[in-house]
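# Tertiary structure, described
Each chain is listed here by its residues.
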Amino acid sequence: RTVLCNDPEMTLPPVNIPVDTSKLRIEKTAIRRVPGEAFHLLHNLEYLWMPYNSLGSLSSITFKGLRRLQELRLDGNNLISFPWESLAGMPQLRLLDLHNNELTSIPPDAARYVKNITYLDLSSNKLMTLPQALIATWANLQAVPYFPNDNSKIILGLQDNPWVCDCSLYEMVHFLNFQSPNIAFIEPRLKCFTPRSLAGVFFSQVELRKCQSPVVHTSVAKVKTILGSTVLLRCGTTGVPIPELSWRRADGAQLNGTVHQEISSDGMSWSILGLPVVSYLDSGEYICKAKNFLGATEAFISLIITDSESTDDPNSSAKGTWNGKASGMEAAAYNDKLVARYVITTSTVPTLGAGAGTGDSVLLPDTAQDSNPQNLLVSPTMDQQEPERMVRSVRVIGDTDQSITLAWKAPMAKNTTVFSVLYAVFGERDMRRINVEPGKTKVTLYGLLPKTKYIVCVCVKGLIPRKEQCIIFSTDEVVSAGGTQKLINVVVISVACVIAVPLTLVVCCGALKRRCKKCFVRKPKDAQESYVTFESLSPGAKAKGVEGEYLTRHTPDESNRLLSARSSVDSEAIPKIEGQPNEYFC
């Protein structure tokens, strides 16, 4: 039995439909809704056609009891959604026509209920994408065709929808371009609707990227900066589609800055949070959040506001910080409040004997804490200081790696003026205090840590030191100054040795050569074979038996001995006693 209802003024389906009806056609009426019990008694219904009515929605119980239903045609209505779960109660349904409605999306759960449907027309709706689960179901579907002459193909109608060609459509485009042999499309030439750059482009000509969850990248996890500076916090993200970046504070406080977005050449999206003139209120955790439709990811950046220009570890960056005088930035490293925050104080130690007559004070700091907190600082502000008591030209004189000598100038100070020396490891807020004896402008600090950066301030006792009265020094730099002078001395001596030793060797070698030449060169033959003639001279008569001259041959050494000055003098002596032995004269 077939029942046809096409009254244009009909607003509700009839209630007295025969129970043996197998085909019901309700067409071109003004029906806007279907009551839940309208088709409960039609257990033999196989075809339900309701095209071109004014249906806006359907309930999941509308099709309850229609287990023999094979075709459901709802084209030409105003449906914005469809009860996909109701398909579970229609196991023999093969054709579902939702053409020309107002459907905007299909839930992923629909993939569970369309496995038996071999003709599905979703064309001319407002669909922008399809769930991946539904596409995967179609790609793997092996179903019996609804039309026997269709050679076991599944018919799909997807044309005339405002498809958004982004990563969410990647699986669908891939499915259409590399479709399964058992899938056929009513219109295979689908087109992109958005974005504008791809509007009207066929799916077969589009190259899309697969969707990726957002990943957050930060250059640093912790940022240290000085008070009053401008801070830029950078946060980058990758993902498909490009995630949206947002900033917030972990403590819920309002952001005190501006956000700038940019995209680098490698496709990474960056968000830059600019914080101008930071204060202590800006310290804390900042959260950068990247979000797209696949999910969200967060990254934390810790911002620390300090009072000093150096943001490194004092022990790791002590080298190269002291050059013998305080620069403007180093002198302003601590602001007035930080310098004035005394916690550990030391009492004055008497001057040692060596410095008593020179105006120097050599002090050994005491580690005892001041038990009275009222004695820490109860002084007027810097504007109330007397100009004649201002300390100037604070400088460090190198000593050892565990002590330094500090000197300053106070030309307008009185002889009764007492100065306080404040010092601490650079970066620490707890400062030690030493009170210098009146009239002294030099002090030696002992017990310092080697290779450590310190800050030291000098001021009139009871007052807050100014920034220019503070300097920063490093104990390893102090020691290196003396070591450098020793190194220079060694280098000078070494150079002198390198220059003088060769010259000395040349002179000595020359002299030695001449000496050896005299010793080893043979003397002339005539000198070696010279004869010396001796004659006996006697004032008296000659001795008996002595006649004439005596000739004697002597060696040259003997000749030299006989010709010496002593011999010549002796030879001139005239014997006084007659008969004295003969004297020999040359």
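Here, every reference points to the structure presented above.
Residues numbered from 1 in each chain as written. Predicted model: local features only at pLDDT ≥ 70, side-chain atom pairs only at ≥ 80, totals over all residues. Heavy atoms only, no water.

Summarising the element assignment, Asn435 is placed in strand β21 (residues 432–435). Exposure remark for Asn435: the relative accessible area of 9% places this residue in the buried category. Looking at Asn435, its side chain comes within polar contact range of the side chain of Ser420, at 2.8 Å. (Helix = DSSP H or I, 4+ residues; strand = E, 2+ residues; numbered from the N terminus. Buried < 20%, exposed > 50% of the residue type's maximum accessible area, 1.4 Å probe, protein only. Polar contact = N/O pair within 3.5 Å; in protein donor to acceptor, adjacent residues only side chain to side chain.)

Looking now at helix α2 (residues 170–177). Those residues of α2 that sit buried are Met172, Val173, Phe175 and Leu176. Projected onto a plane normal to the axis of α2, the buried residues spread over an arc of 160 degrees and lie on a single side. On the buried face of α2, the contacting elements are α1 (132–139), β7 (154–157) and β8 (183–185). (Arc of directions from axis to C-beta. Contact = heavy atoms within 4.5 Å.)

Let us look at the packing of aromatic side chains. All told, the structure shown has 6 aromatic pairs when counted by the stated rule. Taken together, a centroid distance of 5.9 Å and an interplanar angle of 70 degrees make the contact between Phe175 and Phe185 edge-to-face. In this pair, Phe175 is assigned in helix α2 and Phe185 in strand β8, connecting sequence segments 10 residues apart. Residue Phe175 shares its accessibility class with Phe185, and that shared class is buried. Of the aromatic side chains, those joined through ring pairs into one cluster are Phe63, Phe82 and Trp84. Lying across the ring of Phe202, Arg189 places its NZ or CZ 4.1 Å from the centre. (Phe/Tyr/Trp six-rings, centres within 6.5 Å; stacked < 30°, edge-to-face > 60°. Lys NZ or Arg CZ within 6 Å of the ring centre and 35° of its normal.)

For the rest of this paragraph, the subject is the nonpolar core. Within the largest apolar cluster, 59 residues are counted, with the highest numbers of intra-cluster contacts made by Leu48, Leu74, Phe82, Trp84, Leu130, Met172 and Phe203. Looking at this core, the elements with two or more residues in it are β1 (2–5), β2 (23–26), α1, β7, α2 and β8. By residue number, the principal contributor to this core is α2, which donates 4 residues. Not counting chain neighbours up to four residues away, the residues in contact with Phe82 comprise Leu58, Phe63, Leu72, Leu74, Leu87, Leu96, Leu98 and Leu103. (Core = buried A, V, L, I, M, F, W, Y, C linked by side-chain atoms within 4.5 Å.)

So, about the packing of α1 against α2. At a closest axis distance of 9 Å, the pairing of α1 and α2 adopts a crossing angle of 20 degrees. When the axes of α1 and α2 are compared, the pair comes out roughly parallel. Remark: the crossing between α1 and α2 carries left-handed chirality. Residues Gln132, Ile135, Trp138 and Ala139 of α1 form the contact with α2, whose own contacting residues are Glu171, Met172 and Phe175. Looking at the contact of α1 with α2 residue by residue, the class counts come to 5 nonpolar, 1 polar and 1 charged. (Axes fitted to C-alpha atoms, helices over the stretch in contact; angles between N-to-C directions. Parallel < 35°, antiparallel > 145°, perpendicular 65-115°, else oblique. Left-handed = near helix turned anticlockwise from the far one by under 90°. Nonpolar A, V, L, I, M, F, W, Y, C, P; charged D, E, K, R; others polar.)

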